[in-house]
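What the coordinates show
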Amino acid sequence: MEIKENYNIQHLNSFDIKVDAKYFTKVASILKLQEAIGFSEQYNLSVLILGGGSNLLFTQDFQGLVVKINLKGISLRKEDENHFYVKACAGENWDDFVKFCCDSGYYGLENLSLIPGNVGASPIQNIGAYGVELKDHFYELEFYDFATRKIRNYNNSDCNFGYRNSIFKNELKQKGVVLSVTFKLDKIPKFKTGYGAIKEELDRMEIIKLTVKDIRNAVINIRRSKLPDPEEIGNAGSFFKNPVVSNEKHSELSKRFSELVSFKQQNGTYKLAAGWLIDQCGWKGYRKGDAGVHKNQALVLVNYGKTSGNEIVKLSKEIMHSVNQKFGVELEREVNVV
Ligand code: EPU
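What you see is a predicted model, and the numbers here were worked out from it, not measured in a lab.

How each quantity is defined
- Residues numbered from 1 in each chain as written.
- Predicted model: local features only at pLDDT ≥ 70, side-chain atom pairs only at ≥ 80, totals over all residues.
- Heavy atoms only, no water.
- Near = heavy atom within 4 Å.
- Polar contact = N/O pair within 3.5 Å; in protein donor to acceptor, adjacent residues only side chain to side chain.
- Areas by Shrake-Rupley, 256 points an atom, 1.4 Å probe, with all protein chains shown as cover.
- Helix = DSSP H or I, 4+ residues; strand = E, 2+ residues; numbered from the N terminus.
- Nonpolar A, V, L, I, M, F, W, Y, C, P; charged D, E, K, R; others polar.
- Domains from an automatic or database assignment.
- Contact = heavy atoms within 4.5 Å.
- Buried area = accessible area lost by both parts, 1.4 Å probe.
- Salt bridge = Lys/Arg side-chain N within 4 Å of Asp/Glu carboxyl O.
- Buried < 20%, exposed > 50% of the residue type's maximum accessible area, 1.4 Å probe, protein only.
- Arc of directions from axis to C-beta.
- 1 Å grid on protein atoms, 1.4 Å probe; cavity = no way out; pocket = protein on both sides within 12 Å on 5 of 7 lines; lining within 4 Å.
- Points joined across faces, edges and corners; volume = space filled by probe spheres on them.
- Core = buried A, V, L, I, M, F, W, Y, C linked by side-chain atoms within 4.5 Å.
- Pairing = 2+ DSSP bridges.
- Axes fitted to C-alpha atoms, helices over the stretch in contact; angles between N-to-C directions.
- Phe/Tyr/Trp six-rings, centres within 6.5 Å; stacked < 30°, edge-to-face > 60°.

A few words now on the site of the ligand. Lining the immediate environment of the ligand, one finds 22 residues, of which Y130, Y163, R164, Y195 and D279 sit closest. Between the ligand and N242, the relevant distance is 2.9 Å, taken from an oxygen atom to a side-chain nitrogen or oxygen of the residue. The separation between an oxygen atom of the ligand and a polar side-chain atom of K284 is 3.4 Å. The protein chains hide 83% of the 820 Å² of surface that the ligand would expose on its own. When contributions to the shell around the ligand are tallied by element, the ones reaching two or more residues are helix 4 (212-226), strand 13 (234-238) and helix 6 (274-280). If you tally residues by element for the shell around the ligand, the top one is helix 6, at three residues. Across the shell around the ligand, the residue classes tally to 10 nonpolar, five polar and seven charged. Mapping the shell around the ligand onto the domain boundaries places at least three of its residues in each of domain 2 (74-186) and domain 3 (234-337).

Structure follows, in structure tokens:
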């Protein structure tokens with residue numbers, strides 16, 4: 001196992017924040033992972049597990065051991081009449097995996113095209129986009145538990161999936177590592193085109209006979225037009241979650257703001273579009289130094305070059321404050337601040 005000291009991890013976080021890890025290692029096998037955890041225990045170091053680094057904001061150098069998960073491999077585990085069960089190791093790039101599934105006739109993940117990050121992180125926040133969440137096609141995962149040093153399988157209900165949430169953000173936070181995820185994918189595609197932006201894009205594309213690849217292309221077109229490419233401008237996707245409010249709060253707001261963008265939930269509450277709330281407070285396109293709010297999607301905070309994590313956090317607090325003043329709604333960060 002090769003451990004690097006005072007290692008620059010700027011290229012390993014999509015916000016492109018310049019920070020060092022006191023110790024850094026890459027692991028491509030479970031054995032190497034065990035060695036890395038052993039090293040952290042021996043020297044009493046805190047551990048940060050790094051996947052694609054696309055949902056993180058560093059505000060300081062990390063004083064412990066950063067472990068970059070490089071476990072690779074995709075395999076078809078089994079099939080039944082209607083489904084393929086496809087296993088992907090944690091270090092596989094998410095969108096490469098989605099493309100592989102679309103090309104192989106394993107359907108269901110196409111609406112989740114082009115989401116940055118790796119497979120291992122996808123269940124942690126139950127990634128979702130354009131009317132589909134990971135949990136809709138999740139079968140099970142393998143989790144390496146630091147305390148017992150054993151691998152345990154978690155099925156869909158074990159994971160307590162919710163909107164951008166799971167057991168791995170709560171009870172199991174920092175308790176272990178996701179090693180692989182197995183997805184339950186359809187043999188016959190079920191097109192999910194209900195989300196407004198997808199419908200519009202498919203109309204624009206003038207598709208005659210819809211295929212899964214068209215859906216993937218539509219999602220890619222929408223994301224490219226609205227969301228900044230982390231290769232070009234540092235960012236971590238949506239910085240905040242869409243807040244959920246009660247029926248009463250929703251009625252009060254819709255009386256005051258006729259254009260309010262909201263989605264009714266099954267339990268009678270409403271999810272508000274945080275991007276709309278932030279936009280209404282005048283933040284879209286704002287820039288101070290190198291920290292800013294993206295010009296096409298107010299939910300995304302960006303690093304134009306050399307900003308620090310603390311500058312981004314400061315900006316996020318100002319945004320949260322102004323949304324609270326105008327709408328009486330508390331925004332919650334989606335990105336993990338380290
Ligand atoms: N809106 C504005 N101004 C803005 C941004 C949005 O008015 O600056 C309005 C839009 O017009 C639209 C509504 O808000 O009516 C919703 O916008 P959008 O469809 O872009 O989706 P979102 O709610 O802002 C969520 C996810 C995204 C995901 C999209 C599409 C969260 C926190 N974000 O964003 O996920 O791609 O839906 O499904 O749930 C991510 O997690 O990093 C991410 C990009």
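To continue, consider the domain arrangement of the protein. Taken domain by domain, the protein comprises domain 1 (4-69), domain 2 (74-186) and domain 3 (234-337). Computed from C-alpha atoms alone, the centre-to-centre distance between domain 1 and domain 3 is 29 Å. Contacts between the two partners involve 10 residues from domain 1 and, on the opposite side, 18 residues from domain 3. At the boundary of domain 1 with domain 3, total buried surface from both sides reaches about 1,100 Å², with 54% on carbon and sulfur atoms. Our enumeration of links across domain 1 and domain 3 arrives at zero salt bridges. Applying the counting rule to domain 1 against domain 3 returns six residue pairs in polar contact (both at pLDDT 80 or more). Classifying every residue of the side of domain 1 that touches domain 3 gives five nonpolar, four polar and one charged.

Since the α-helix advances by 3.6 residues per turn, residues separated by three or four positions end up pointing in the same direction. For helix 5 (residues 247-256), the full list of buried residues reads K249, H250 and L253. Viewed along the axis of helix 5, the buried residues span an arc of 100°, placing them on a single side of the element. Away from the buried face of helix 5 by more than 90 degrees, exposed residues E248 and K255 are located. Those residues of helix 5 hidden inside the fold are in contact with strand 14 (244-245), strand 15 (262-264), strand 16 (270-272) and helix 7 (309-327).

A word on empty space enclosed by the protein. With the rule as written, the count across this model stands at one cavity of 30 Å³ or more. In this structure, the largest cavity encloses a volume near 80 Å³. If you go around the largest cavity, the residues you meet are Y286, K288, A291, E311, K314, L315 and E318. Taken together, the residues of the lining of the largest cavity break down into three nonpolar, no polar and four charged.

So, on to the side chain of H294. Relative to the elements of secondary structure, H294 occurs in the loop between strand 18 (291-293) and strand 19 (300-303). Judged by relative accessible area, H294 falls into the buried class, the value being 5%. A polar contact of 3.4 Å, which involves the side chain of H294, links it to the backbone oxygen of K226. With residues up to four places along the chain from it excluded, the contact list for H294 reads K226, L227, P228, K284, G285, V300 and V302.

This part covers the nonpolar core. If you look at the biggest cluster of nonpolar residues, it comprises 44 residues, and the most contacted ones within it are I9, L277, I278 and I319. Contributions of two or more residues to this core are made by strand 2 (20-27), strand 3 (47-50), strand 4 (56-57), strand 5 (62-69), strand 16, helix 6, strand 18 and helix 7. A per-element tally of this core places helix 7 first, with six residues. Among the domains, domain 1 (4-69) and domain 3 (234-337) are the pair contributing at least three residues each to this core. Setting aside anything within four residues of it in sequence, one finds L277 in contact with P243, L260, L272, V323, F327, V329 and L331. Listed in part, the 40 residues of the second largest apolar core include W94, L109, F183 and V212.

So, about the sheet that holds strand 16. One open sheet holds the three strands; their spatial order is 14-16-15, and the pairing between them is antiparallel. Of all strands in the sheet, those bounded by a partner on one side alone are strand 14 and strand 15. Bridge count for strand 15 against strand 16 is three bridges, and the pairing is antiparallel. Residue pairing for strand 16: F263 is matched across the bridge by K271. Against the sheet, helix 5 engages strand 14, strand 15 and strand 16, with an angle of about 50° to strand 16.

Turning next to the packing of aromatic side chains. Following the criterion strictly, the structure yields 20 aromatic pairs and no others. With 4.9 Å between their ring centres and 80° between their planes, W283 and Y286 make a pair best called edge-to-face. When its relative accessible area of 11% is taken as the criterion, W283 is described as buried. The structure contains a cluster of three or more aromatic residues connected by ring pairs, namely F15, F239 and F240.

By the definition in use, this model includes 18 salt bridges. Among the ionic pairs, E79 bridges to K187, the shortest N-O distance being 2.6 Å. Highlighted residues: E79 in strand 6 (residues 74-79) and K187 in the loop between strand 12 (176-186) and helix 3 (196-205), separated in sequence by 108 residues. Across the pair D186 and K190 runs a salt bridge, and its minimum N-O distance is 3.5 Å. Under the relative-accessibility criterion, D186 is labelled buried at 7%. Here the salt bridges share partners, and the residues they tie into one network are K99, D103 and K213.

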